[in-house]
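# Fold and geometry: a report
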Amino acid sequence: MPYTIKSSEKLRPAGAEYETKALLYLMNFRVDSSEVYYYVVDFFNDLTGMNRTGRKMWDIQSKGAKNSSPKALGKELVTLFKNHTSDFEFDCFVLFLGGVSTTVRTDQSKNIFDIKNITPSAYKKMKQGLLEECYDKSYIDNKNINDKELDEFLCKVQFVVDDKKPHEYVKSIIKTHTKLIPNEEILNTIFNEIRDKQASKKYASVVESITIETTHEALNHFRHLTTGEIRLLTISRIINRNLFDKGVPLSFYIILNSVPDERKKDVILESQLALSKALFNKNNADSFWSLFENIYSTIVHNPDDNVNMLYEKLNHDKVDQCYDFEVISLKYFISLIKDGIE
């Protein structure tokens, strides 16, 4: 059955930060984060994660208020409920929150919870808030609203209370590779760039009233980011160089000068393709970061070495685990990092 976009929110600056926090939560803090490939912005909801094939979806609504009452939470659930009652299948519903009043949770220490941690009186008010909002919205079919449907939906919702600063969310992209983690100022700059990229997707095209027949058709409108794009942005800031926009790195010419002229262009393209594969390979992300950290620290400790010398000094167990690279393309990547941090 088709799905029609009934409303598309305009950018609210105050909420943009929470939408980006919600994206980075989805990308890095869930047990199923590795499955999320696309982050679709303001299409089905504030944010909807999709897997690589576009058939599995994580739906997120974000709210920046710091002290939301149970009834206010219920009202904020309406777009998630709309998707729950649609003919499209959403695997997960998340309400990402700036904060909640003390009347909501049974255990105040739990920042990720479901209805089991909501007090009975708060649950009743939340349900009432959702019901009122459903009747207020023209895009909710009233025939779908009943106690059973509301209870079934609320059982599926995960509530996430924001408990981190922006730089802490960015640090999670780099995970445990401490040698790569830049200072807080750079981390905040990266967060702001991700936020601006995410916000710009809202203006990429008008989607209101568009009807799609399948979930993956949402990607045709290019209101999405990918995990690879966010990692590329992060790495570019760490080494202070855009990996693809500035042409061949100078350090690579020690290799390129030996290549026959008719092969030079192919070698560059093949190296960039291998880098792109490694960068966007979610199934081998940790090996990529581990190798990146090894290259980075090797360059820092041996600043006068050329690319061939640096290659010899790498941990080759890490090189073997990052199988998207072969020797030449890895030397190209080493050259990019070397030029970026010098």
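Residues numbered from 1 in each chain as written. Predicted model: local features only at pLDDT ≥ 70, side-chain atom pairs only at ≥ 80, totals over all residues. Heavy atoms only, no water.

## Overview of the packing of aromatic side chains
Overall, the coordinates contain 20 aromatic pairs when judged by the stated rule. With a centroid separation of 5.3 Å and 75° between ring planes, the pair formed by Phe 81 and Phe 153 is classed as edge-to-face. Linking Phe 81 in helix α3 (residues 78-84) with Phe 153 in helix α5 (residues 147-156), this pair joins segments that are 72 residues apart in sequence. Judged by centre distance (5.0 Å) and plane angle (80°), the rings of Phe 252 and Tyr 332 are edge-to-face. One end of the pair, Phe 252, is in the loop between α8 (227-238) and α9 (253-256); the other, Tyr 332, is in helix α14 (residues 327-341), and 80 residues separate them in sequence. The ring of Tyr 169 has Lys 164 sitting right over it, with the charged end atom 5.8 Å from the ring centre. Taking the ring centre of Tyr 311 as reference, the NZ or CZ of Lys 331 above it sits at 5.3 Å. (Phe/Tyr/Trp six-rings, centres within 6.5 Å; stacked < 30°, edge-to-face > 60°. Helix = DSSP H or I, 4+ residues; strand = E, 2+ residues; numbered from the N terminus. Lys NZ or Arg CZ within 6 Å of the ring centre and 35° of its normal.)

## Points about the sheet that holds strand β5 (residues 92-97)
In spatial order, the strands read β6-β7-β5-β4-β3-β2-β9; together these 7 strands make up an open sheet with mixed pairing. Each edge of the open sheet is held by one strand with a lone partner, namely β6 (112-113) and β9 (224-226). Of the strand pairs in this sheet, β6 and strand β7 (residues 157-161) are connected by 2 bridges, and their pairing is antiparallel. If you follow Ile 112 over to β7, its bridge partner there is Val 160. Packed onto the sheet, α5 meets β5 and β7 and runs at close to 45° relative to β7. Contacting β2 (38-41) and β9, α8 crosses the sheet at an angle of about 65° to β9. (Pairing = 2+ DSSP bridges. Contact = heavy atoms within 4.5 Å. Axes fitted to C-alpha atoms, helices over the stretch in contact; angles between N-to-C directions.)

## Remarks on the packing of helix α11 (residues 285-301) against α14
At a minimum axis distance of 10 Å, the contact between α11 and α14 shows a crossing angle of 55°. When the axis of α11 is compared with that of α14, the two are oblique. Read as a crossing pair, α11 and α14 show a hand that is right-handed. Where α11 abuts α14, its residues Phe 288, Leu 291, Phe 292, Ile 295, Tyr 296, Ile 299 and Val 300 lie against Leu 330, Phe 333, Ile 334, Ile 337, Lys 338 and Ile 341. Here the residues of the contact of α11 with α14 sort into 12 nonpolar, no polar and 1 charged. (Parallel < 35°, antiparallel > 145°, perpendicular 65-115°, else oblique. Left-handed = near helix turned anticlockwise from the far one by under 90°. Nonpolar A, V, L, I, M, F, W, Y, C, P; charged D, E, K, R; others polar.)

## A few points about the pairing of β7
By the criterion of burial, β7 is predominantly enclosed, with 4 of the 5 residues buried. Note that β5 and β7 share 5 bridges and pair parallel. Its bridge partner lying in β7, Leu 95 is registered against Phe 159. (Buried < 20%, exposed > 50% of the residue type's maximum accessible area, 1.4 Å probe, protein only.)

## Quick look at the domain arrangement of the protein
Segmenting the protein into domains produces domain 1 (3-232) and domain 2 (243-341). Using C-alpha coordinates to define each centre, domain 1 is positioned 36 Å away from domain 2. The interface of domain 1 with domain 2 comprises 18 residues on the first partner and 16 residues on the second. Three residues, His 177, Leu 180 and Arg 231, lead the burial of domain 1 against domain 2; their summed loss comes to 47% of the area buried on that side. Counting across the domain 1 and domain 2 interface gives 0 salt bridges. Here domain 1 is connected to domain 2 by 1 residue pair in polar contact (both at pLDDT 80 or more). The set of elements that each furnish at least two residues to the side of domain 1 that touches domain 2 consists of α6 (166-174) and α8. By residue number, the principal contributor to the side of domain 1 that touches domain 2 is α8, which donates 5 residues. Of the residues in the side of domain 1 that touches domain 2, the class split is 7 nonpolar, 7 polar and 4 charged. (Domains from an automatic or database assignment. Buried area = accessible area lost by both parts, 1.4 Å probe. Salt bridge = Lys/Arg side-chain N within 4 Å of Asp/Glu carboxyl O. Polar contact = N/O pair within 3.5 Å; in protein donor to acceptor, adjacent residues only side chain to side chain.)

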